[in-house]
Structures are given as C-alpha cells and as structure tokens.
Amino acid sequence: MNKLSELDSLRAGDSIDFSMRLADYKASEGWTAHYILVSSSAKVSFDSTANGDAHLFSVSSTTSADWMAGYYSITGYVSNSDGSQRIQVDSGNIQILPDLTTLTGGLDMRSHVKKVLDAIEAVLE
C-alpha cells in the first residue's frame, strides 16, 4: 500500500504500518506527510517519519484502539519543514471497524440501510 485511500477499511486496535513514496515531496528533502481522518463525530490524525526519501507511517495498536468506528473522509497532505507549504497528496473515504477484542456483547453487522429497512418493515407489521 502506498496511500491510505487504497484501503476500504481499518480496524480499531490494529497496528498500521506503511510507507509512502512521493517523487516530488521526498522526506529526505524536508517534507513530512500527514493524514487526517474526519467523521461526523470524530477526528484522527497521524504524521510520518522520514525513512530515506519515503514517508513512514506507524500507528500503534494502543493508539488506534481509541478510534471510534464509523465512516471517515481521508485527507493526506505534505508540508515542508518551515510550514509555509501544504499540498494535498491523497483523499478518499474509509471505514474504521470496531475493535472486536473489546466488545462485551454482540455486534449488529447490518448496514445502515438494512437497519432502516428492518425498522420500516417492523412498523408496517
């Protein structure tokens, strides 16, 4: 994986490790890559560290365990060392799935559409 938008989902509580190579914005030339994920009720952000020319992202399982499940908009961007430039390099949508190891009860795996349809059918009956 080279960009976060290539994934459909992440699971809260899982470690995330990937490297991003951007020919025009090399880490060795002072650029840092960042991600912001925003939902209707939460915001997640994390930054890269330099690994030669590449941008290395590493999020621990203890950090991602606090992420709320839901659908998020992704924005990936780079900034230069003095902060005078910010350039978007990735965008998309992703679902953060719940951490199954922390659930105390069952998990309703129906989609939102299915839940609404089931509620309508229950009212009609």
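1. What to know about the overall build of the chain
Turning to step 1, where the next piece is worked out: Along the chain, the regular secondary structure elements total two helices and eight strands.
Turning to step 2, where the next piece is worked out: Taken over the C-alpha trace, the chain has a radius of gyration of 18 Å; the compact-globule value for 125 residues is 14 Å, which it surpasses by more than 25%.
Turning to step 3, where the next piece is worked out: For the chain, the C-alpha atoms occupy an extent of roughly 65 × 25 × 20 Å along the three principal directions.
Turning to step 4, where the next piece is worked out: Among the 125 residues that make up the chain, the fraction classed as buried is 31%.
Turning to step 5, where the next piece is worked out: Once local pairs closer than 6 in sequence are excluded, the contacts in the chain between residues at least 24 apart make up 63%.
Turning to step 6, where the next piece is worked out: Surface accessibility of the chain: about 7,800 Å² in total, with carbon and sulfur atoms responsible for 48%.
Turning to step 7, where the next piece is worked out: Averaging the coordinates of the 9 positive side-chain charges in the chain and doing the same for the 16 negative ones gives two points 2 Å apart.

2. Concerning the pairing of strand β2 (residues 16-20)
Turning to step 1, where the next piece is worked out: Where burial is concerned, the two faces of β2 differ: the one with Ile 16, Phe 18 and Met 20 is buried and the one with Asp 17 and Ser 19 is not.
Turning to step 2, where the next piece is worked out: Pairing analysis gives five bridges linking β2 to strand β6 (residues 54-59), with the strands arranged antiparallel. Residue Asp 17 lies in a different strand from β6, and its bridge partner there is Ser 58.

3. What about the nonpolar core?
Turning to step 1, where the next piece is worked out: The biggest cluster of nonpolar side chains holds 23 residues, and the ones touching the most others in it are Leu 4, Tyr 35, Leu 37, Phe 46 and Trp 67.
Turning to step 2, where the next piece is worked out: Of all elements in the fold, only β2, β3 (32-38), β4 (43-47), β6, β7 (70-79) and β8 (86-97) reach the threshold of two or more residues within this core.
Turning to step 3, where the next piece is worked out: Filtering out sequence-adjacent residues up to four positions away, Phe 46 remains in contact with Leu 4, His 34, Tyr 35, Leu 37, Phe 57, Val 59 and Trp 67.

What counts, and at which threshold
For every chain, the first residue of its written sequence is number 1, and the numbers climb from 1 along that sequence. Selection of residues for local features in this predicted model requires a pLDDT of at least 70, selection of side-chain atom pairs for listing and counting requires 80 or more, and totals for whole chains, interfaces and linings are taken over all residues. Water and hydrogen atoms play no part in the side-chain values, which are based on all heavy atoms of the structure. Put simply, DSSP H or I for four residues or longer makes a helix, DSSP E for two residues or longer makes a strand, and each gets a number counted from the N terminus. The size measure is the radius of gyration over C-alpha atoms, and the globule rule it meets is 2.2 Å times the number of residues to the 0.38 power. Summary of the burial criterion: residues with accessible area below 20% of their type's maximum are buried, those above 50% are exposed, and those between are partly exposed, where the area comes from a 1.4 Å probe applied to protein chains only. Any pair of residues with heavy atoms lying within 4.5 Å of one another is described as a contacting pair. All accessibility values rest on the Shrake-Rupley procedure with a 1.4 Å probe; residue burial counts only the protein chains present in the view. We treat Lys and Arg as the positive residues and Asp and Glu as the negative residues; His and chain ends play no part in the count. Charge placement uses NZ in Lys and CZ in Arg. For Asp and Glu, CG and CD serve respectively. DSSP bridges decide pairing: two strands pair if at least two such bridges lie between them. Take the buried residues of types Ala, Val, Leu, Ile, Met, Phe, Trp, Tyr and Cys, join any two whose side-chain atoms come within 4.5 Å, and each joined set is a nonpolar core.

From the geometry alone we can't say anything about function, so treat these as descriptive.
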